[in-house]
Amino acid sequence: MVKKIFTLILFGGLFLYSCGSGGSQQEIKIDGSGTVYPITEAVAEEFRKVEPDIRVSVGSSGSGAGFRKFTRGETDISNSSREISEEEKQLAEKNGTEYQQFSIALDGISIVVHPDNDWVNTLTPEELNKIWKADSEVQQWSDIREGWPDEEIRLYGPNTAHGTYDFFTETINGESGASRTDYNAVADYNVAVQGISSDKYSLGYFGLAYYEENAEKLKIIGIDAGDGAVEPSLQTVKNNTYKPLSRSLYIYVAKNAAQRPAVQKFVEFYFNNAGELAQDVGYVPMPDEDYEAQKSAFRSFVSDTVAAN
Amino acid sequence: MGIIASISGIVVLAIFIGFVIYMGIQRLSWDFIVQLPSRFAEESGIYTAWMGTVWIMVFTTLISFPLGVGAGIYLEEYARQNRWSMFLEINISNLASVPSIIYGLLGLGVFVRMMQMGNSILAGALTLSLLILPIIIVSTREAIKAVPSSIRDASNALGASKWQTIWHQILPASFGGILTGVILALSRAIGETAPLIVVGALVYVPFAPQNPLDEFTVLPVQIYNWVSRPQEEFIINAAAAIIVLLGITFIMNGIAVYLRNKWQSKMEW
């Protein structure tokens, strides 16, 4: 009986092994930001209908983890919700990985509070800085503006693994990663949505898609950067009036990969369809001419790489 | 006290399972099982995820079963009682309580990078094997210890060699217990997410694996990704995928119970 079970397991393995039919070696490996992941997944899904022989796989390990693999040459394309950092640039240089950055869509970081919160309608970037800076003294709502309630403010934001955290801290606090630490740092934004929607004295920030899906449970705050309060929306992010918390989302393409026709096809397809697909999954498309600009930038990147060889 | 404790445990579990089934059952269909992931929650399926899970589990079994049972037999039957074997013993029990993400980091360093396996099924299966080896070794030893020494003595008295005694008497008598341990260990491995993410399990893999060096995704990783999406429909998908994963785990545990009972009733001296 012992022998039988060993044989069974062995043959099970062999059977699975023999199921493989070789398969084409046209592979594109993508990893990186969980924020950009839904867009790339959508593009890969549509691309598969056009080019079924090119195998595109997409990971979602986070912008930073994605760059760690990308700079070592383990992936062809890296999704990112922030620009590559100095440290990561040096890593890439050390490992001889050359690359170029392309914008593929826009996102607005939304500041949200509980729907019963009737005292806040707008905040200025200075007030946000006062709340979120590293040595912030804001403990109660009244510490932000005179006349607001003497109630403790409870803050929600992404944890340090998120590109959203890097972008927000850089934009609002002037330095990426500089933030107070006594807030509820979440790995999953749905936890922040849940927390804010059940606590009258809370405030938090995350990507626009999470607000739009939960608009009835949350209240969005307009940002007044000097030209009156603007709330994030498809229009205000696209025409760049929602400032300063509008951001670009990026893909980084490695030079080695860009020499392969499969990758060229995929990236071109990306620029042709990202606008529409980004909107499908909750992000803001860039203006059409920007996609054209990215496409021609990619073409010259490709011809450079080919010429260099 | 004991009754209250065990009942409250069961109640909490029942609430969780009931909630997941209530949410997920509406999405559970044949299409859900055989379709690829998609940006539309309603068209999304778990085909590559459960295929990945099956591949990973087959290779984890192939690696950890012979190694773990072999190590258990060696430690129990052959190893001399000295400092060295004490040291091994303590280490194995300690390894059983190391957080799984540490195994993931080890797997990333050794299998993915040093041994150049890449983000492959083989690297994932080796990492999970390391994770469950201590459990298998310990349960194998316990099962062997439970065999009455009269059996061993009788076999030796009839002139059987050491290996003949192990192969024809000890192993068949303890195999129910060994298998239970192995299957419970595998049931733990099937739900692991963290080490596989570290080793490089991806999320969108639109093809079933074809050989052990292919990239892969597994059910828990797909569930994790869906749960963190903003759209409610994806969370329903996650619940449905959890039902499938629970189903696989229950089946595996069921097999463990069945095999144990079968072997125990067969063994009569």
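Everything numeric here is computed off the predicted structure, so don't read it as measured data. (Residues numbered from 1 in each chain as written. Chains lettered and ligands numbered in written order. Predicted model: local features only at pLDDT ≥ 70, side-chain atom pairs only at ≥ 80, totals over all residues. Heavy atoms only, no water.)

## Notes on the domain arrangement of chain A
All names here are of chain A.
Consideration 1: Domain boundaries in chain A define domain 1 (2-106 + 248-308) and domain 2 (107-246).
Consideration 2: Here domain 1 and domain 2 have C-alpha centroids that lie 31 Å from each other.
Consideration 3: Of the roughly 1,000 Å² buried between domain 1 and domain 2 on both sides combined, carbon and sulfur atoms contribute 60%.
Consideration 4: The three residues of domain 1 that bury the most area against domain 2 are Arg82, Leu106 and Val284, which together make up 37% of that side's buried surface.
Consideration 5: For the pair domain 1 and domain 2, the number of links is one salt bridge.
Consideration 6: For Asp166, the salt bridge goes to Arg82, with nearest N and O atoms at 2.9 Å.
Consideration 7: There are one residue pair in polar contact (both at pLDDT 80 or more) connecting domain 1 and domain 2. (Domains from an automatic or database assignment. Buried area = accessible area lost by both parts, 1.4 Å probe. Salt bridge = Lys/Arg side-chain N within 4 Å of Asp/Glu carboxyl O. Polar contact = N/O pair within 3.5 Å; in protein donor to acceptor, adjacent residues only side chain to side chain.)

## Details of empty space enclosed by the protein
One simple way to see leftover space: roll a probe sized like a water molecule over the atoms.
Consideration 1: Overall, the coordinates contain three cavities of 30 Å³ or more when judged by the stated rule.
Consideration 2: Each pocket or cavity is described by its volume, and for the largest cavity that value is around 50 Å³.
Consideration 3: Lining the largest cavity are Lys29, Ile30, Asp31, Ser57, Lys69, Glu74 and Thr75 of chain A together with Asn119, Leu202 and Glu215 of chain B.
Consideration 4: Considering every element that reaches the lining of the largest cavity, the biggest residue donor is strand E1 (residues 27-32) of chain A, with three residues. (1 Å grid on protein atoms, 1.4 Å probe; cavity = no way out; pocket = protein on both sides within 12 Å on 5 of 7 lines; lining within 4 Å. Points joined across faces, edges and corners; volume = space filled by probe spheres on them. Helix = DSSP H or I, 4+ residues; strand = E, 2+ residues; numbered from the N terminus.)

## Here's the deal with the interface of chain B and chain A
Consideration 1: The partner chain A presents 44 residues to the 38 residues of chain B that form the contact.
Consideration 2: The junction of chain B with chain A conceals about 3,800 Å² of combined surface from both sides, 59% of it contributed by carbon and sulfur atoms.
Consideration 3: Of all residues in chain B, the largest losses of buried area upon contact with chain A belong to Arg39, Tyr204 and Gln210 of chain B, amounting jointly to 21% of the total for that side.
Consideration 4: Put simply, chain B and chain A have seven salt bridges between them.
Consideration 5: Of all the secondary-structure elements, those providing two or more residues to the side of chain B that touches chain A are helix H3 (47-78), helix H8 (162-190), helix H10 (219-227) and helix H11 (232-266) of chain B.
Consideration 6: Tallying contributions element by element places H3 of chain B first for the side of chain B that touches chain A, with seven residues. (Contact = heavy atoms within 4.5 Å.)

## Some thoughts on the packing of aromatic side chains
The geometry of an aromatic ring pair is captured by the separation of the ring centres together with the interplanar angle, meaning the angle of the planes.
Consideration 1: Within this structure, the stated rule accounts for 30 aromatic pairs over all chains.
Consideration 2: Where Phe102 of chain A meets Phe301 of chain A, the ring centres are 6.1 Å apart and the plane angle is 65 degrees; that geometry is what we call edge-to-face. Here Phe102 of chain A, found in strand E4 (residues 99-113), pairs with Phe301 of chain A, found in helix H12 (residues 288-308); they are 199 residues apart in sequence, far enough to count as distant.
Consideration 3: The exposure class of Phe102 of chain A is buried, given its relative accessible area of 0%.
Consideration 4: Ring-pair connections join several aromatic residues into one group, and the members of that group are Phe67, Phe70, Tyr99, Tyr250 and Tyr252 of chain A.
Consideration 5: Here the guanidinium or amino end of Arg55 of chain A rests over the ring plane of Phe207 of chain B, the centre of that ring lying 3.8 Å away.
Consideration 6: Stacked on the ring of Tyr78 of chain B, the Lys or Arg Lys162 of chain B has its end atom at 5.1 Å from the ring centre. (Phe/Tyr/Trp six-rings, centres within 6.5 Å; stacked < 30°, edge-to-face > 60°. Buried < 20%, exposed > 50% of the residue type's maximum accessible area, 1.4 Å probe, protein only. Lys NZ or Arg CZ within 6 Å of the ring centre and 35° of its normal.)

## With respect to unusual backbone geometry
Consideration 1: The residue after Lys243 of chain A, namely Pro244 of chain A, is reached through a cis peptide bond having omega 0 degrees.
Consideration 2: Within the secondary structure, Pro244 of chain A is located in the loop between helix H9 (234-238) and strand E11 (246-254).
Consideration 3: Its identity is not glycine, yet Asn240 of chain A carries a phi of approximately 60 degrees, on the positive side.
Consideration 4: Its identity is not glycine, yet Gln116 of chain B carries a phi of approximately 60 degrees, on the positive side.
Consideration 5: With relative accessibility at 67%, the residue Gln116 of chain B sits in the exposed group.

## Details of the side chain of Thr75 of chain A
Residues and elements named next belong to chain A.
Consideration 1: Mapped onto the secondary structure, Thr75 falls in the loop between helix H3 (63-71) and strand E3 (77-80).
Consideration 2: We classify Thr75 as buried; its relative accessible area is 7%.
Consideration 3: Excluding anything up to four places from it in sequence, Thr75 contacts Lys29, Asp31, Gly66, Lys69 and Phe70.

## Here we look at the side chain of Glu192 of chain B
Residue and element names in this part refer to chain B.
Consideration 1: Tracing the backbone shows Glu192 in the loop between H8 and helix H9 (194-199).
Consideration 2: In this structure the side chain of Glu192 is engaged in a polar contact, spanning 3.4 Å, whose partner is the side chain of Arg188.
Consideration 3: Not counting chain neighbours up to four residues away, the residues in contact with Glu192 comprise Ser100, Leu128, Leu131 and Pro220.

## Description of helix H6 (residues 163-173) of chain A
Residues and elements named next belong to chain A.
Consideration 1: Counting buried positions over the eleven residues of H6 gives nine, a clear majority of the element.
Consideration 2: If you check which residues of H6 are buried, you get Gly163, Thr164, Tyr165, Asp166, Phe167, Phe168, Thr169, Ile172 and Asn173.
Consideration 3: One or two residues past the end of H6 sits Gly174, with phi positive at roughly 85 degrees.

## Quick notes on the packing of helix H5 (residues 125-132) of chain A against H6 of chain A
All names here are of chain A.
Consideration 1: Where H5 meets H6, the closest approach of the two axes is 9 Å, and the angle between their N-to-C directions is 115 degrees. At the point where H5 passes H6, the crossing takes the left-handed sense. Where H5 abuts H6, its residues Pro125, Leu128, Asn129 and Trp132 lie against Phe168, Ile172 and Asn173. (Axes fitted to C-alpha atoms, helices over the stretch in contact; angles between N-to-C directions. Left-handed = near helix turned anticlockwise from the far one by under 90°.)

## A few points about the nonpolar core
Consideration 1: In this structure, Ile39, Ile111, Trp141, Phe206, Val253 and Phe266 of chain A are the most contacted members of the largest nonpolar core, which totals 155 residues.
Consideration 2: Here this core takes 13 residues from H8 of chain B, the largest share from any one element.
Consideration 3: When residues of this core are sorted by domain, at least three fall in each of domain 1 (2-106 + 248-308) and domain 2 (107-246) of chain A.
Consideration 4: In this structure, Val20, Met23, Ile236 and Ala239 of chain B belong to the second largest nonpolar core, which totals five residues. (Core = buried A, V, L, I, M, F, W, Y, C linked by side-chain atoms within 4.5 Å.)

## Description of the pairing of E1 of chain A
Each regular strand carries side chains that alternate between the two faces of the sheet.
Residue and element names in this part refer to chain A.
Consideration 1: Of all the six residues making up E1, five are buried; the element is thus mostly covered by neighbouring parts of the structure.
Consideration 2: Judged from the four bridges that link them, E1 and strand E2 (residues 55-58) form a sheet pairing that is parallel. Along E2, the bridge assignment pairs Lys29 with Ser57.
Consideration 3: The parallel pair E1 and E2 is bridged by helix H2 (residues 37-50), and the resulting crossover is right-handed.
Consideration 4: Relative to E3, E1 runs parallel, the two being bridged by three bridges. Its bridge partner being in E3, Ile30 is matched across the sheet by Ile77. (Pairing = 2+ DSSP bridges. Right-handed = clockwise from strand over helix to strand, strands pointing away.)

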